[in-house]
Amino acid sequence: MLHTTAIKLSLKYSLIYIFIFGVIFLFLYWFIGSFVQDQTKANLIRESKKVEMIYNSRGIDAIKKYITAHRQYKGEDHRYYLLINKKGEPEAGDLKEWPPDLETDENVMNIWVAKKDIEGSVKDGDGYWPMITLSFKNGYRMLIAQGIRGTEDLRETMFAVMALIFGIIVILIIALGLSLGKSVLWHIDNINLAHQAIMNGNLSVRIKISDRNDEFDMIAEQLNEMLDKIEQLITEAKQVTNNIAHDLRSPLNRIRNRLEISLINKNGDDCGEVLEKTIGDMDNIIKTFNGILEIAQAESEAAKKSWKNINISNITLDVAELYRPLAEDKSIEFHVHITEGITIKGNRHLIAQSISNIIDNAVKYTPESGTIDIYVKENEKYVEISVLDSGQGVNSKDYKNITKRFVRLDTSRHTPGNGLGLSLVEAVAGLHNADLIFEDNKPGLCVKLVIRKQRL
Amino acid sequence: MKILLIEDDRETGEYIAKGLNENGYTVDYAAEGSDGLYFAMNNEYDLIIMDRMLPGIDGLSIIKMLRSVEKKMPILILSALGDVDEKVEGLKAGGDDYLAKPYAFSELLARIEALLRRGKEISGQSLQAGSLKINLENYTATRGGKKIELKPREFRLLEYLVRHKDHIVTRTMLLENVWDYNFDPQTNVIDVHISRLRSKIDKDFDKQLIKTIRGVGYKIEG
């Protein structure tokens, strides 16, 4: 588990937080320490001013009395004195002798004091004690020292408390980090599970979604949507493959039977006819394959590389005129209503072929003496090509099926065609950012190709 | 007529060569691009049939090389790549016609004939086939001195047939050259257009000019 990115990341961040907290605590510790030290200094200076005032107003004896009087508080306020005469002999105070490295100036100095240097027993222990010195006019010198027991206690307590808090924070951060990492891992495990199941061939498995509604759930939802789409496409692809096999089996079978029979009647009377029919069947098979390839091409974005401005009015008119004789042979009233000069960006051949497929269907399914109307019009947003016929129409529940590959409705089983015409139209529509819409023409079918205009 | 065929699939190559031989052409066959290029550089051919996808040097490069040394014979490209863009690319490289596989041999033959006649077509303001006369200046057609009313597209269809008179033109050739379409409509619309044209041209005459060649296409005789 330690090698996973989620855990590594959360541990890494935990360490960073611990480091930051450590630095903050050290700074706090140092800050409080130096604050206490400053306070001690200020106290010593205040005390020295007080002693100086006593000397100035009442002389050296008053100082001796002051020191002696302080004896009764000795050890309680952690303050110690020493007064020495010109020769350096102690006159009054708690220290046994003047510390050798203590110089006489105005500053507070930290001087090493051991327990044995103090008369009597005191609570303050060995350490560097802050002390201040005074020199009087008669050659006497005096020191005031602050025992460090109090500040040491404070420092120790503070350190203990801080260490405790720090320890708790460290544990909390690591625990939080790990649980965060684990929750990420849970999501990822979920995705992995689904992934493995799908790899094993179960395409219907989806990623579990928690009720947390977090970004992982969003990703999972999107992945699930993608899986839905993939499953649908694969199902369709399977369907198409099946249909191809199905569609090709009958002509191939026909060819085989025909050849077999002609092999049996070796007299060769009908040889030419057999070959001609066989070629006809082969041509249809080739046509089917070409149809599939054309759709694949229209579906690939590569078809966009030869895009030009094309005049959709002229293209539609040309295709309509191509089919007019066919319609007229069936006594169909064939009306073309085209607004001239409408252009779109697109692939001329694919568009022409699509319109041809739509009109082809209309002519095929419109009975004798029916009508076909072809419109090309535009507004600010759309270019609309519509072909309306008066045939038997299509049940609205079949609209979504008739564009599927090889789908031929029962009613059209006996007309020629391979069931790829509208599939190509739909693929071309997709390529051109257009919608292929079917409507009831009451009676008949209305097929609309609505092309969204590209912003120039 | 001498034709060079460059096609990497031996079976297809031999079958095309045999078919062309039977139709009176002399065929040199090369199975590799480099051989094909060598033949084309060192011999005179009336036409080259070139597969696009070849091992070694590809078809388009060979065409470019030949064109760069002023070899001007017509070149027909055969290709499994059927889409319009590929076709445009092939023609840009210097090809004269493009036929996507799989194709019918009759289609190939008709296109070879059309290419071989290119440049030798009747020039001038009028074309003739038998008693049918076409005036290209004012877009009128007469047969036996009698004016025939034609729509613009019918006129172009007739013009194309007459320009290729005595030779077969396939439905695909008509779609490509008269309508500029590169697809086969689901229904055979060309037949209907031809029968319309036929009714205008041949109806009142004993001699039928437009002949249907079964399974292949049409021919005008004159």
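About the cut-offs
Along each chain, numbering runs from 1 in the same order as the chain's sequence is written. By the order in which they are written, chains take letters starting at A while ligands take numbers starting at 1. Under the rules for a predicted model, residues below a pLDDT of 70 receive no local features and side-chain atom pairs below 80 are neither given nor counted, while totals for whole chains, interfaces and linings still include all residues. Hydrogens and water are ignored here; the side-chain numbers use all heavy atoms of the structure. Only DSSP runs of H or I covering at least 4 residues are called helices, and only runs of E covering at least 2 are called strands; the numbering of each starts at the N terminus. For this measure, only C-alpha atoms enter the radius of gyration; the expected value for a globule follows 2.2 Å times N^0.38, where N is the number of residues. When a residue's accessible area, from a 1.4 Å probe over protein chains only, is under 20% of the maximum for its type it is buried; when over 50% it is exposed; and in between it is partly exposed. In what follows, a contact means two residues having at least one pair of non-hydrogen atoms within 4.5 Å. Areas reported here follow the Shrake-Rupley algorithm with a probe of radius 1.4 Å; residue values treat only the protein chains shown as occluding. Positive charges are assigned to Lys and Arg, negative charges to Asp and Glu, while His and the chain termini are left out of the count. Each charge is placed at NZ for Lys, CZ for Arg, CG for Asp and CD for Glu. Any two strands with at least two DSSP bridges between them are considered paired. Accessible surface is computed with a 1.4 Å probe, and the buried area is the amount of it that two parts give up when combined, taken over both parts together. A pair is scored as a salt bridge if a Lys or Arg side-chain nitrogen falls within 4 Å of a carboxyl oxygen belonging to Asp or Glu. Two N or O atoms count as a polar contact when they lie within 3.5 Å, although within protein this holds only if one can serve as hydrogen donor and the other as acceptor, and sequence-adjacent residues are included solely when both atoms are side-chain atoms. Excluding any residue in a salt bridge, patches collect residues exceeding 30% relative accessible area, merging like charges within 9 Å and nonpolar Val, Leu, Ile, Met, Phe, Trp and Tyr side chains within 5 Å. Between 30 and 60 degrees the pair is tilted, below 30 it is stacked and above 60 it is edge-to-face, where a pair is any two Phe, Tyr or Trp rings, Trp via its six-membered ring, whose centres lie within 6.5 Å. Comment: the charge-over-ring label is applied if NZ (Lys) or CZ (Arg) is within 6 Å of the ring centre and within 35 degrees of the ring normal. For helices, the fitted axis covers only the stretch in contact; all axes are lines through C-alpha atoms, and the angles between them, taken along N-to-C directions, range from 0 to 180 degrees. Each angle receives one of four descriptions, namely roughly parallel if under 35 degrees, roughly antiparallel if over 145, roughly perpendicular if within 65 to 115, and oblique otherwise. Under the scheme applied, nonpolar residues are Ala, Val, Leu, Ile, Met, Phe, Trp, Tyr, Cys and Pro; charged residues are Asp, Glu, Lys and Arg; polar residues are all the others, including Gly. Between the first and last residue of a helix there are one fewer steps than residues, each counted as 1.5 Å, and that sum is the expected span. Bear in mind that the domain bounds are from an automatic or database domain assignment. Here, nonpolar core means buried Ala, Val, Leu, Ile, Met, Phe, Trp, Tyr and Cys residues that are tied together by side-chain atoms lying within 4.5 Å of each other.

1. Structural notes on the overall build of chain A
Reasoning step 1: A count of helical and extended segments in chain A gives eight helices and 12 strands.
Reasoning step 2: The C-alpha radius of gyration computed for chain A amounts to 51 Å, which surpasses the reference 23 Å derived for 456 residues by more than 25%, pointing to a less compact arrangement than a globule.
Reasoning step 3: Put simply, chain A has 456 residues, and 40% of those count as buried.
Reasoning step 4: Excluding contacts between residues fewer than 6 apart, the proportion of contacts in chain A whose partners are at least 24 apart in sequence is 62%.
Reasoning step 5: Put simply, chain A shows about 26,900 Å² of open surface, and 57% of that area lies on carbon and sulfur atoms.
Reasoning step 6: If the 56 positive side-chain charges of chain A are averaged to one point and the 61 negative ones to another, these points end up 6 Å apart.

2. Quick notes on the side chain of Arg324 of chain A
Reasoning step 1: Among the structural elements, Arg324 of chain A can be located in helix H6 (residues 312–329).
Reasoning step 2: Each residue touching Arg324 of chain A, except ones within four places of it in the same chain, is listed here: Phe334 and Val336 of chain A.

3. Quick look at the pairing of strand S5 (residues 141–146) of chain A
Residues and elements named next belong to chain A.
Reasoning step 1: Among the six residues in S5, five count as buried, and that is most of the element.
Reasoning step 2: Inspection of the sheet shows strand S1 (residues 79–84) paired to S5 by six bridges, in the antiparallel sense. Paired with Leu82 across the strands is Leu143, a residue of S5.
Reasoning step 3: Two strands pair when backbone bridges link them, and strand S4 (residues 127–135) and S5 are joined in this way by five bridges, in the antiparallel orientation. Residue pairing across strands places Thr133 opposite Leu143, the latter belonging to S5.
Reasoning step 4: In this antiparallel pair of consecutive strands, S4 and S5, the connection spans five residues, and Gly139 shows a positive phi of 90°.

4. Digging into the interface of chain B and chain A
Reasoning step 1: The interface is formed by 19 residues belonging to chain B together with 28 residues belonging to chain A.
Reasoning step 2: Carbon and sulfur atoms make up 52% of the surface buried where chain B meets chain A, a total of about 2,300 Å² over both sides.
Reasoning step 3: Taken as a group, Tyr181, Phe183 and Gln186 of chain B account for 28% of the area that chain B buries against chain A, more than any other trio of residues on that side.
Reasoning step 4: At the surface where chain B touches chain A, the tally comes to five salt bridges.
Reasoning step 5: Put simply, Arg196 of chain B and Glu328 of chain A hold a salt bridge, and the shortest N to O gap is 2.8 Å.
Reasoning step 6: Where chain B meets chain A, there are 10 residue pairs in polar contact (both at pLDDT 80 or more).
Reasoning step 7: Within the residue set of the side of chain B that touches chain A, elements represented by two or more residues are helix H4 (84–92) and helix H8 (189–201) of chain B.

5. Describing helix H8 (residues 421–431) of chain A
Reasoning step 1: Most of H8 of chain A sits out of view: nine of its 11 residues are buried.
Reasoning step 2: Just downstream of H8 of chain A lies Asn433 of chain A, where phi reads positive at about 60°.

6. What to know about a nonpolar patch on the surface
Residue and element names in this part refer to chain A.
Reasoning step 1: Side chains of Leu9, Tyr13, Ile16, Tyr17, Phe19, Ile20, Val23 and Ile24 sit close together on the surface and give an oily, nonpolar patch of about 770 Å² of accessible area.
Reasoning step 2: For Phe19, the position within the fold is in helix H1 (residues 5–58).
Reasoning step 3: Judged by its relative accessible area of 61%, Phe19 falls in the exposed class.

7. Section: the packing of aromatic side chains
Where two aromatic rings form a pair, the distance of their centres and the angle of their planes describe that pair.
Reasoning step 1: Across all of its chains, the model carries 13 aromatic pairs over all chains by this definition.
Reasoning step 2: In this structure, Lys377 of chain A is placed above the aromatic ring of Tyr375 of chain A, and the distance from its NZ or CZ to the ring centre is 5.1 Å.

8. Looking at the packing of H6 of chain A against H8 of chain B
Reasoning step 1: H8 of chain B packs onto H6 of chain A with a crossing angle of 75° between their chain directions and a minimal axis gap of 9 Å. Classified by the interaxial angle, the pair formed by H6 of chain A and H8 of chain B is roughly perpendicular. Between H6 of chain A, through Glu321, Leu322, Tyr323, Pro325, Leu326, Glu328 and Asp329 of chain A, and H8 of chain B, the contact on the second element is made entirely by Val189, Val192, His193 and Arg196 of chain B.
Reasoning step 2: Looking at the contact of H6 of chain A with H8 of chain B residue by residue, the class counts come to six nonpolar, one polar and four charged.

9. Remarks on helix H3 (residues 149–199) of chain A
Reasoning step 1: A rise of 1.5 Å per residue sets the reference length of H3 of chain A, with its 51 residues, at 75 Å; its end C-alpha atoms lie 73 Å apart and thus fit the reference within 8%.
Reasoning step 2: Directly after H3 of chain A, the chain includes Gly201 of chain A, whose backbone phi takes a positive value near 105°.

10. Looking at the environment of Met65 of chain B
Residues and elements named next belong to chain B.
Reasoning step 1: Of note, Met65 is situated in helix H3 (residues 59–68).
Reasoning step 2: In the structure, Met65 is positioned 115 residues away from Asp180 in sequence and 29 Å away in space, judged by C-alpha atoms.
Reasoning step 3: Residues within four places of Met65 in sequence aside, it is in contact with Leu37, Met41 and Ile57.

11. So, the packing of H1 of chain A against helix H2 (residues 60–70) of chain A
Residues and elements named next belong to chain A.
Reasoning step 1: Where H1 meets H2, the axes come as close as 7 Å, and the angle between the chain directions of the two elements is 135°. Considering their axes alone, H1 and H2 lie oblique with respect to each other. Judged by residue contacts, Glu47, Lys50, Val51, Ile54, Tyr55 and Arg58 of H1 engage Ile60, Ala62, Ile63 and Tyr66 from H2.
Reasoning step 2: Its residues assigned to classes, the contact of H1 with H2 shows seven nonpolar, no polar and three charged.

12. Examining the domain arrangement of chain A
Reasoning step 1: Under the domain assignment, chain A is made up of domain 1 (5–153), domain 2 (215–299) and domain 3 (303–452).
Reasoning step 2: The gap between the C-alpha centroids of domain 1 of chain A and domain 3 of chain A is 103 Å.

13. A look at the nonpolar core
Reasoning step 1: Formed by 91 residues in total, the largest nonpolar core has its most connected members in Ile312, Tyr323 and Ile359 of chain A together with Leu158, Leu161, Leu174 and Ile220 of chain B.
Reasoning step 2: Leaving out residues up to four positions away in the same chain, Tyr323 of chain A has contacts with Phe334, Ser356, Ile359, Asp360 and Val363 of chain A together with Pro185, Gln186 and Val189 of chain B.

14. Focus on the environment of Asp124 of chain A
All names here are of chain A.
Reasoning step 1: Here Asp124 shows up in the loop between strand S3 (109–113) and S4.
Reasoning step 2: It is 111 Å that separates the C-alpha atoms of Asp124 and Gly444, two residues lying 320 residues apart in sequence.
Reasoning step 3: Among residues more than four places away in sequence, those in contact with Asp124 are His78, Tyr80, Lys115, Trp129, Gly147, Ile148, Arg149 and Gly150.

15. A short note on the sheet that holds strand S10 (residues 382–389) of chain A
All names here are of chain A.
Reasoning step 1: Pairing within the open sheet is mixed, and its five strands lie in the order S7-S9-S10-S12-S11. Of all the strands in the sheet, the pair left with one neighbour each is strand S7 (333–338) and strand S11 (434–440). Adjacent strand axes in the sheet meet at a mean angle of 10°, parallel and antiparallel pairs treated alike.
Reasoning step 2: Pairing geometry for S11 and strand S12 (residues 445–452), over seven bridges, is antiparallel. The partner of Ile437 across the bridge, within S12, is Lys448.
Reasoning step 3: Where H6 meets the sheet, it contacts S7, strand S9 (371–378), S10 and S12, and its direction lies at approximately 175° from that of S7.
Reasoning step 4: Its contacts with the sheet put helix H7 (residues 348–365) on S7, S9, S10 and S12, and the angle it makes with S10 is roughly 20°.

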